[in-house]
Amino acid sequence: MASVSVDEAMRRAIELAARGLGTTSPNPVVGCVLLDVDGEVVGEGFHAYAGGPHAEIVALAQAGQRAKGGTAVVTLEPCNHVGRTSPCSAALVQAGVARVVIAVPDPNPVATGGAATLRSAGVRVDLGVRRAEAESGNVAWLTAMRRGWPYVIWKYAATMDGRSAAADGTSMWITSEAARMDVHALRATVDAVLVGVGTVLADDPRLTVRNLRDGSLAIQQPLRVVVDSTGRTPDDARVRDGAARTWVATADEVGAGPDGGVDLPALLAALHARGVRAVLLEGGPRLAGAFLAAGLVDRVVGYLAPRLLGAGPAALVDAGVTTIAEAIDLELTDVTQIGPDLRITALPRKREG
């Protein structure tokens, strides 16, 4: 096998890390590639689920004795604490690894310090290789860890003129099956799917991750969260069907905001305490507007169908904008055609002042 560069190995480690999206919380996604003294790949690993072996441990097990004197290339600083598993920094030292290349330092005050432990044991440590790319792949966990509440993605589906339903209220289906399958893939990467009680009453959604071809449920399901200030969610609503965990968050339990509804920052703090690091906000338009008005949305994913309605409910309502100067500006990061529809991904720009 031919030798590979550290940069190539890190690119591979980032690809491996992505395999853990949606299954590792409250832990991060991490990938690791081990190179022997000749630069050949002798071990690969990623963190697959919370409580399971970390990426470094998986890669070390594959490499065996060939790890000695080699290089570990890892997307996140190896942990330095005893949790459900032993410290990865100590395992790397014990294996005789001579060099560790890290993309992103660990911001978790409980787990950080791995780089210092490695250096004190005589291991060469290099930081920052493909850092931006690795941070992007782990953005939800890193953001949640740094600020103390989850990363929020607002997902919506609409016609080209911004309607989420027709004038008579019908909305099945605005977008294509291909787009709906893509949404299920997106749901599979988050820890919680969140809607308002209005959406539950109007559409009775399941909010599960499913294979649309045969209707089968994914093994790992995100927490279903209904923002329901006064507890109006029916007992027979499909979100209560037992297919996944469900939390009906009321104002009495979470706390009330200035409008009497559920306090949104308090809701996110409560979700963070439950181990949620990434939230998919799916509806409805007023709840999305409230999140945007409060500056609580980190990413917008819109599915636009090549259709026009001319009337009907808008995809977004009451986002705190009354004049063009107050518009929420977005930075487009991706535009992809999904079947006949467009998926547009954007990041809200931070407002000054």
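Placed above this text is the structure.
All figures in this text were calculated on a predicted structure; none of them were measured in a lab. (Residues numbered from 1 in each chain as written. Predicted model: local features only at pLDDT ≥ 70, side-chain atom pairs only at ≥ 80, totals over all residues. Heavy atoms only, no water.)

A.B. asks: Is there a simple way to think about the overall build of the protein in this case?
C.D. replies: Helix and strand content of the protein: 11 helices and 13 strands. The globule rule puts the C-alpha radius of gyration for 353 residues at 20 Å, and the 22 Å found for the protein is close to it. By its C-alpha atoms, the protein is 70 × 45 × 45 Å across when sized along the principal axes. When the 353 residues of the protein are sorted by exposure, 46% land in the buried category. If you take every contact in the protein between residues at least 6 apart in sequence, the share linking residues at least 24 apart comes to 69%. For the protein, the distance from the average position of its 34 positive side-chain charges to the average position of its 38 negative side-chain charges is 2 Å. (Helix = DSSP H or I, 4+ residues; strand = E, 2+ residues; numbered from the N terminus. Rg over C-alpha atoms; globule rule 2.2 N^0.38 Å. Buried < 20%, exposed > 50% of the residue type's maximum accessible area, 1.4 Å probe, protein only. Contact = heavy atoms within 4.5 Å. Lys, Arg positive; Asp, Glu negative; His and termini not counted. Charge placed at Lys NZ, Arg CZ, Asp CG, Glu CD.)

A.B. asks: Sorry if this is basic, but what is going on with the sheet that holds strand 2 (residues 41-46) here?
C.D. replies: In sheet architecture, strand pairing relies on hydrogen bonds along the backbone and comes in two forms, parallel and antiparallel. Read from one edge to the other, the open sheet built from 5 strands follows the order 2-1-3-4-5, with strand pairing classed as mixed. In the strand order of this sheet, the two ends are held by strand 2 and strand 5 (124-127), each with one partner. Each adjacent strand pair in this sheet contributes to an overall mean axis angle of 15°, direction not counted. Bridge count between strand 1 (residues 31-35) and strand 2: 5 bridges; the pairing is antiparallel. Bridging across to strand 2, Gly31 finds its partner in Phe46. Helix 1 (residues 6-17) rests against strand 1, strand 2, strand 3 (71-76) and strand 4 (99-104) of the sheet, and its axis sits at about 145° to strand 1. Helix-sheet contacts for helix 2 (residues 55-63) involve strand 1, strand 2 and strand 3, and the interaxial angle to strand 2 is about 150°. (Pairing = 2+ DSSP bridges. Axes fitted to C-alpha atoms, helices over the stretch in contact; angles between N-to-C directions.)

A.B. asks: How should I be thinking about the environment of Ser120 in this particular structure?
C.D. replies: Within the secondary structure, Ser120 sits in helix 4 (residues 114-120). Among the residues examined, Ser120 registers a relative accessible area of 64% and is labelled exposed. Measuring from C-alpha to C-alpha, the distance between Ser120 and Gln65 comes to 22 Å, with 55 residues separating the pair along the chain. A polar side-chain atom of Ser120 sits 2.7 Å from the main-chain carbonyl oxygen of Thr117. (Polar contact = N/O pair within 3.5 Å; in protein donor to acceptor, adjacent residues only side chain to side chain.)

A.B. asks: Looking at this structure, how should I read the nonpolar core?
C.D. replies: One recurring pattern in soluble globular proteins is that nonpolar side chains are buried together. Formed by 37 residues in total, the largest nonpolar core has its most connected members in Met10, Leu34, Leu60, Val73, Leu92, Val97 and Val100. Counting residues per element, the ones that place at least two in this core are helix 1, strand 1, helix 2, strand 3, helix 3 (88-94), strand 4, helix 4 and helix 6 (139-147). A total of 6 residues in this core trace back to one element, the largest contributor, which is helix 1. In this structure, Leu60 is in contact with Leu34, Ala67, Ala91, Leu92, Ala95 and Val97, ignoring residues within four places of it in sequence. Grouped together as the second largest cluster of nonpolar side chains are 27 residues, Ala251, Leu264, Leu267 and Leu287 included. (Core = buried A, V, L, I, M, F, W, Y, C linked by side-chain atoms within 4.5 Å.)

A.B. asks: I would appreciate a short explanation of the environment of Glu253 in the present structure.
C.D. replies: One can find Glu253 in helix 9 (residues 251-254). Looking at Glu253, the relative accessible area reads 47%, which means it is partly exposed. Separated by 14 residues in the primary sequence, Glu253 and Leu267 have C-alpha atoms spaced 9.5 Å apart. Apart from residues lying up to four places away in sequence, Glu253 is in contact with Trp247, Val248 and Arg274.

A.B. asks: Where do I start with the pairing of strand 11 (residues 299-305) in this structure?
C.D. replies: Regular strands show a simple pattern: their side chains alternate between the two faces of the sheet. Burial of strand 11 is extensive: 6 of the 7 residues sit out of reach of the surface. Pairing analysis gives 7 bridges linking strand 6 (residues 151-159) to strand 11, with the strands arranged parallel. What sits directly across from Ala158, in strand 11, is Leu304. The sheet contact formed by strand 11 and strand 13 (residues 341-348) spans 5 bridges and is antiparallel. Residue pairing in the sheet places Val300 in a bridge with Ala346 of strand 13.

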